[in-house]
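# Coordinate inspection notes
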Amino acid sequence: MTAPEHAGPRPAEEREALLRMPGFGSLWSDHMVTARWTAGDGWQPARTGPLAAFSLHPATMAFHYGQTIFEGLKAFWRPDGQRALFRPGDHARRFARSARRMAMPELPADAFLAAVAALTRIDREWVPQARGHSFYLRPFMIASETHLSNRPAEEYLFAVIGSPARPATAEPAPIRLWASPEYVRAADGGTGTIKCGGNYGGSYLAQREAAEHGCHQVVWLDARERRYVEEVGGSNLFFVEGDRLVTPPLSGTLLAGVTRDSILRLAGRLGLAVAEAPVTLEDWERGCRDGRITETFACGTARAVAPVGHAVTPDGEWAIGDGGTGPVTRRLLNALLDIHYGHAPDDFGWLHTV
Ligand SMILES: *Cc1c(COP(=O)(O)O)cnc(C)c1O
C-alpha cells in the first residue's frame, strides 16, 4: 500500500510552484469526495475530506471482477473567483448509464453534480489560470464488497479526485495513428458505449503495438469486418471534407463523447455541415490521397481537439493533408477553448459555475 500523497493541504507557495508545470494525471489537489452504497441502505451522504489512500481487502470484488467505471470532466478558472464546470450534467448522465450497464448502483445526477462542485469549490485554488490549463475531475466507482462471488456486488465506493492539467494544446502536435489489424476494442452488445476500466485494460497491447510502429495511439476498427473506423484510444474521430465534417455514427460500439457532441453543435456556428456516417479505412485513405479529406482530428475531454497527421496500417501509411494542423481543426479547437475560458458567450448553456 502506498502512503497518502501528502498530509493536509499544501502551502500556497508550493501549490503555486506546482501549478506552473502541472503535467497531466500526476498531480492531485488537497481533497477528495467519497460516498458509499450498500444494498441494504442505498447511498450514504457524500463526505469531503483530505485526499488519502484507500485501504482495501485483497478480496475486494473490483480487483477480481472488474467492476470499475469512471468519468473525466474539467473545471476552468474564472476571473470573478468562480470556477466553471463544462457540461457536468452530461457527464452525470453518462456515469449513470455506465453504472446501469455494469449492474452497479446509479448515482443520482444531482449527487454527482454536488460531488464535483464540492471538490471544485474546496480546491478552487488548484484550478490553474492560463488558457489551456484546467482542473481535471475524475469521478469513479468500484465494487468495494469483500467477497469472491461472481455476481453484482452489494457494496460500492464512489469517489471524486481532481488534478490540475497542463494545456491540452498550446500548439497542437499532430498525432500518428495505428490501425490494428488484430485487436478490437468493442463489439455489439458489449461495453464499448460506456466508460469502464476493462475497456482500457483490454486496449494496451494494441497501444504497445502502435508504439512499436512509431504511433501515438490506436485507431479502432469495427469488430465484425475490421473495415469501419470507430474511434481512437480515449477520443472520438472527425474527418474534414472541405467545409463538411463527418464522424462515425453512435453504432453501439463507440463511446458517445461529450466533446464529440460539442463539436457537432459548434460546427453549425462556424458554417460547417455535419454528417454522422460510417467511414471505412479505405475511404479514409483514398479520401486523403485524392484530396477530398483535408483534415482529421481526434477529440475528447482530456486533450480537447488533437490533429491527426498520419495513419499507419500494416500495408503502409498516408499523410492527412500536409501532416500538420489544418485550419478547420484549429478553428474548432479555438471555438471550444473560447467557451471554456469565457472568451465567447456560452450560448449552449454548457458551463455550470460554482
Ligand atoms: C472518454 C472517452 C471518449 C471521449 O469522451 P469525452 O466525453 O469527449 O471526454 C472517447 N472515447 C472513449 C473510448 C472514451 O473513453
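What counts, and at which threshold
- Residues numbered from 1 in each chain as written.
- Predicted model: local features only at pLDDT ≥ 70, side-chain atom pairs only at ≥ 80, totals over all residues.
- Heavy atoms only, no water.
- Near = heavy atom within 4 Å.
- Polar contact = N/O pair within 3.5 Å; in protein donor to acceptor, adjacent residues only side chain to side chain.
- Areas by Shrake-Rupley, 256 points an atom, 1.4 Å probe, with all protein chains shown as cover.
- 1 Å grid on protein atoms, 1.4 Å probe; cavity = no way out; pocket = protein on both sides within 12 Å on 5 of 7 lines; lining within 4 Å.
- Sits in = over half its atoms within 2 Å of the grid points.
- Helix = DSSP H or I, 4+ residues; strand = E, 2+ residues; numbered from the N terminus.
- Nonpolar A, V, L, I, M, F, W, Y, C, P; charged D, E, K, R; others polar.
- UniProt positions renumbered as here; feature names shortened; annotations may be inferred.
- Contact = heavy atoms within 4.5 Å.
- Points joined across faces, edges and corners; volume = space filled by probe spheres on them.
- Domains from an automatic or database assignment.
- Core = buried A, V, L, I, M, F, W, Y, C linked by side-chain atoms within 4.5 Å.
- Buried < 20%, exposed > 50% of the residue type's maximum accessible area, 1.4 Å probe, protein only.
- Salt bridge = Lys/Arg side-chain N within 4 Å of Asp/Glu carboxyl O.
- Buried area = accessible area lost by both parts, 1.4 Å probe.
- Pairing = 2+ DSSP bridges.

Once that is clear, we can look at the site of the ligand. Contacts to the ligand come from 16 residues, most closely from Lys 195, Tyr 200, Glu 231, Thr 259 and Thr 301. Within the backbone of Ser 235, one N or O atom sits 3.5 Å away from a nitrogen atom of the ligand. Against a free-state accessible area of 380 Å², the protein chains account for coverage of 97% of the ligand. Comparing atom positions with the cavity grids shows the ligand to sit within the largest pocket. Those elements giving two or more residues to the shell around the ligand turn out to be α3 (88-101) and α7 (258-269). Of the residues contributing to the shell around the ligand, the split by class is three nonpolar, nine polar and four charged.

This paragraph deals with the UniProt feature "modified residue: N6-(pyridoxal phosphate)lysine" (unreviewed entry) in the protein. Under the UniProt annotation, the feature "modified residue: N6-(pyridoxal phosphate)lysine" (unreviewed entry) is placed at Lys 195. Structurally, Lys 195 can be placed in the loop between β9 (175-179) and α5 (197-201). For Lys 195, the contacting residues outside a window of four places in its chain are Thr 68, Ile 69, Phe 70, Glu 71, Arg 94, Ser 98, Tyr 200 and Leu 255.

The subject of this paragraph is empty space enclosed by the protein. If you walk through the whole model with that rule in mind, you get two cavities of 30 Å³ or more. By volume, the largest cavity is sized at about 100 Å³. Taken together, Lys 74, Phe 76, Phe 86, His 91, Val 258, Thr 259, Gly 300, Thr 301, Ala 304, Leu 336 and His 340 make up the full set of residues lining the largest cavity. Summarising the domain contributions, the lining of the largest cavity has at least three residues from each of domain 1 (12-165) and domain 2 (175-340).

Ile 69, Phe 112, Leu 137, Met 141, Phe 158 and Val 160 are the most contacted members of the largest nonpolar core, which totals 44 residues. Breaking this core down by element, the ones donating at least two residues are β1 (31-38), α2 (61-65), β4 (68-70), β5 (73-77), α3, α4 (109-122), β7 (134-143) and β8 (155-165). Every residue in contact with Phe 112, bar those within four places of it in the chain, is listed here: Glu 71, Leu 73, Pro 88, His 91, Ala 92, Phe 95, Leu 107, Pro 139 and Phe 158. In this structure, Phe 76, Val 240, Leu 272 and Leu 333 belong to the second largest nonpolar core, which totals 23 residues.

Reported here for the largest pocket is a volume of approximately 870 Å³. Tyr 200, Gly 233, Gly 234, Ser 235 and Ala 302 are, among the 36 residues lining the largest pocket, the residues nearest its centre. Looking at which element gives the most residues to the lining of the largest pocket, the answer is strand β10 (residues 217-221), with three residues. Across the lining of the largest pocket, the residue classes tally to 13 nonpolar, 16 polar and seven charged.

A complete count under the given rule lists 20 salt bridges for this structure. A cluster of three or more residues bridged by salt bridges with shared partners is formed by Arg 87, Asp 90, Arg 93, Asp 261 and Arg 265.

With that settled, consider the domain arrangement of the protein. Under the domain assignment, the protein is made up of domain 1 (12-165) and domain 2 (175-340). Per-residue buried area on domain 1 facing domain 2 is highest for Phe 70, Arg 94 and Arg 131; these three make up 31% of the total on that side. Inspection of the domain 1/domain 2 interface yields two salt bridges. Two residues, Asp 338 and Arg 131, come together in a salt bridge whose shortest N-O distance is 2.9 Å.

A separate point is the pairing of β9. Consecutive side chains along a regular strand alternate between the two faces of the sheet. Along β9, four of the five residues are buried, which leaves the element largely enclosed by surrounding structure. Where β9 lies against strand β16 (residues 304-313), four bridges are found, and the strand directions are parallel. Bridge pairing in β16 places Trp 178 opposite Val 312. Relative to β10, β9 runs parallel, the two sharing three bridges. Each bridged residue has a counterpart across the sheet, and for Ala 179 the counterpart in β10 is Val 219.

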